[in-house]
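Fold and geometry: a report
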Amino acid sequence: MIDPKLFADRFPGDFLFGVATASFQIEGASKADGRKPSIWDAFSNMPGRVFGRHNGDVACDHYNRWESDLDLIKAMGVTGYRFSIAWPRIVPEGTGPINEAGLDFYDRLIDGLKARGIKAYTTLYHWDLPLALMGDGGWTARSTAYAFQRYTKVIMERLGDRLDAVATFNEPWCSVWLSHLYGIHAPGERNMDAALHALHYTNLAHGLSVQAIREIAPNVPVGLVLNAHETLPGSDSAADIAAAERAHQFHNGVFFDPVFKGEYPADFLSALGSRMPKIEENDLEIISQKLDWWGLNYYTPMRVSDDPAPGAEFPATIGAPPVSKVQTDIGWEVYAPALKSLVARLYGRYELPVCYITENGACYNMEVENGAVDDQPRLDYYVEHLSVVADLIQDGYPMHGYFAWSLMDNFEWAEGYRMRFGLVHVDYDTQVRTVKKSGKWYSALAAEFPKGNFKPD
Ligand code: FCB
């Protein structure tokens, strides 16, 4: 096994090692202290949407166990915690009354982090849209972008003085395409026109939120977390290479281009632009405000071939087979070189600010045996991918930190609780947490930081 102490030498002294979670996936207490349902509460209670009809009612019960969970994070020796705030706890109906009790929870959580010397990296939207907003169309309605701006203001006014960084959205690819086009995530819609509306209004909401953050808490570094896909052609035929470029535009460009260049990608626009909602005069200016950082969530590459079907809808691609034989228990190909080529390609195409890997990790479902969890394949995954991050730093890319997904096993969206990504195992019957072999290794690495002559502020 790679000695974490030696491995630590490959990272600069101020590199941030953290762990990540998201509100709906861990909190539970879905009806506590004035919280109202989100689209995920509704979706997970419908038959046939989530594996085993699992839901977020209890999850990891983090809402009640937050203090011991923060003690666990502290004991793991990491310096950053990435978590998300549940909009339905703060403005339970999306618009309308503010719920002070919801704000109090995050107030305590953030103070708890500060007291333990852990940096607070907050995400404002990790998919739990207040259900009441669906009455107006959810993300397919322009009004939701303004509701999000107001929710941002409420958060920043109350918590902005203690946040180390804030991200507007987590993986808009999922809350747009996966949720409105592919029907896998809430609200489970399968409609290109609806998805194109959700796309533009999500981008607009990001921009409006950045405005609000800058106005209220100008010192908090603001960013956006994207699950950029390394779109690799299934062969070196011209058709597949062109397909990979279209896939880039559709899966990455529709988020990166408006935010970092102030425009939508050209081929995408000529194929689908007429079905988008009206782009108002200042929209792209609002969307493309400069960011202080961006977050990359990476798990697996996307391999594509040209779709030969006549009249296939843009991006007109089909999936191509994996190259690596190794896959995780959720069926995702393990292929670390794509992380390297992806970062290089994105910095080549866009003027990007500094980068944090805001999620990376692996699904393996080993259980506790004799008080321990031997998840060697997850440990191997971390070593392989962190090694790529170290190479990227060496090559001069501004990689500032890395958050493991996830601190602990949790509600894995459409897969329910059957898919486990944690460094820490959760027994859902007893809520007992057990640090896995990978978690022990990661803590040994993280505990080395900050190191050398670097002095934290
Ligand atoms: C990402 C999500 C995160 C988690 C991981 C496995 O797409 O942001 O919530 O579910 O995948």
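Above this text you will find the structure in question.
The sections below set out a description of the structure shown in this document. Starting from 1, residues in each chain are numbered consecutively following that chain's sequence as written. Since the coordinates come from a predicted model, pLDDT governs what is reported: local features require at least 70, and pairs of side-chain atoms require 80 or more to be given and counted, while whole-chain, interface and lining totals use all residues. The side-chain numbers reported here are obtained from all heavy atoms of the structure, hydrogens and water having been left aside.

**Some points on the packing of helix α9 (residues 192-216) against helix α10 (residues 238-261)**
This is how it is decided: All axes here are fitted lines through C-alpha atoms, helices being fitted over the stretch that makes contact, and every angle between N-to-C directions spans 0 to 180 degrees. Numbering goes from the N terminus for both helices and strands, where a helix is a DSSP run of H or I of at least four residues and a strand is a run of E of at least two. What makes a crossing left-handed is the near helix being turned counterclockwise from the far one by less than a right angle; a clockwise turn instead makes it right-handed. Contacts are residue-level and defined by heavy atoms, with any inter-residue pair within 4.5 Å sufficient. Gly counts as polar in this scheme, as do all residues outside two lists: the nonpolar Ala, Val, Leu, Ile, Met, Phe, Trp, Tyr, Cys and Pro, and the charged Asp, Glu, Lys and Arg.
Taken N-terminus to C-terminus, the directions of α9 and α10 make an angle of 35°; their axes are 10 Å apart at the nearest point. In the crossing of α9 with α10, the sense of the turn from one axis to the other is right-handed. Across the interface between the two elements, Met192, Leu199, Asn203 and His206 of α9 pack against Phe250, Val254, Phe255, Pro258 and Val259 of α10. Of the residues contributing to the contact of α9 with α10, the split by class is seven nonpolar, two polar and no charged.

**What to know about the sheet that holds strand β1 (residues 16-20)**
To summarise the sheet geometry, strands pair through backbone hydrogen bonds and adopt either a parallel or an antiparallel arrangement. Let me state the cut-off plainly: Pairing between two strands requires that DSSP report at least two bridges joining them.
Around the barrel, which closes on itself, the eight strands sit in the order β1-β2-β3-β4-β5-β7-β10-β11 with parallel pairing between neighbours. Direction aside, the axes of adjacent strands within the sheet are offset by 25° on average. Across the face of the sheet, helix α7 (residues 142-159) comes into contact with β3 (119-125) and β4 (165-170) while running at roughly 155° to β3. Contacting β5 (222-226) and β7 (293-297), α10 crosses the sheet at an angle of about 160° to β5.

**Thoughts on the site of the ligand**
Applicable threshold: Here, proximity means that at least one heavy atom of the residue falls within 4 Å of the molecule or strand. Counted as a polar contact is a pair of N or O atoms within 3.5 Å, where, for protein atoms, one must be capable of donating a hydrogen and the other of accepting one, and residues adjacent in sequence contribute only when both atoms are in side chains. All accessibility values rest on the Shrake-Rupley procedure with a 1.4 Å probe; residue burial counts only the protein chains present in the view. Only protein atoms enter the 1 Å grid used here, on which a cavity is any set of points holding a 1.4 Å probe that cannot leave and a pocket is any open set flanked by protein within 12 Å on both sides along at least five of seven lines; residues with an atom within 4 Å of a point are listed as lining. Should more than half of a molecule's atoms lie within 2 Å of a pocket's or cavity's grid points, that molecule is taken to sit in it.
Every residue close to the ligand is listed here: Gln25, His126, Trp127, Asn170, Glu171, Tyr299, Glu359, Trp405, Glu412, Trp413 and Phe421. One nitrogen or oxygen atom from the side chain of Glu359 is found 3.0 Å from an oxygen atom belonging to the ligand. Contact distances for the ligand include 2.7 Å between an oxygen atom and a side-chain N or O atom of Glu412. In the complex, 94% of the free accessible area of the ligand, which totals 300 Å², lies under the protein chains. Under a 2 Å grid-point criterion requiring more than half of the atoms, the pocket assigned to the ligand is the largest pocket.

**Brief notes about the layout of surface pockets**
What counts here: Grid points are joined across faces, edges and corners, and a volume is the space filled by probe spheres set on the points.
Looking at the largest pocket, its volume works out to about 980 Å³. In this structure, the largest pocket is lined by 38 residues; those nearest its centre are Trp173, Leu178, His229, Thr300 and Trp332. Secondary structure elements with two or more residues in the lining of the largest pocket: α8 (172-180), β8 (302-306) and β9 (317-319). By residue class, the composition of the lining of the largest pocket is 19 nonpolar, 12 polar and seven charged.

**A look at the pairing of strand β11 (residues 399-405)**
Threshold: Note on exposure labels: buried denotes an accessible area under 20% of the residue type's maximum, exposed denotes more than 50%, and partly exposed covers the range between, all computed with a 1.4 Å probe on protein chains only.
Burial analysis of β11 places six of its seven residues in the buried class, which makes it a mostly covered element. With five bridges connecting them, β1 and β11 associate as parallel partners. Of the residues in β11, the one forming a bridge with Gly18 is Phe403. Relative to β11, strand β10 (residues 354-359) runs parallel, the two sharing three bridges.

**Let's talk about empty space enclosed by the protein**
This structure, assessed with the given rule, holds four cavities of 30 Å³ or more. Space inside the largest cavity adds up to approximately 50 Å³. Taken together, Ser23, Phe24, Glu27, Gly28, Ser30, Arg35, Gly56, Ala86, Arg89 and Asp128 make up the lining of the largest cavity. Along the lines of polarity and charge, the residues of the lining of the largest cavity split into two nonpolar, four polar and four charged. The space that makes up the second largest cavity amounts to roughly 40 Å³. A breakdown of the residues in the lining of the second largest cavity according to their chemical character gives seven nonpolar, four polar and one charged.

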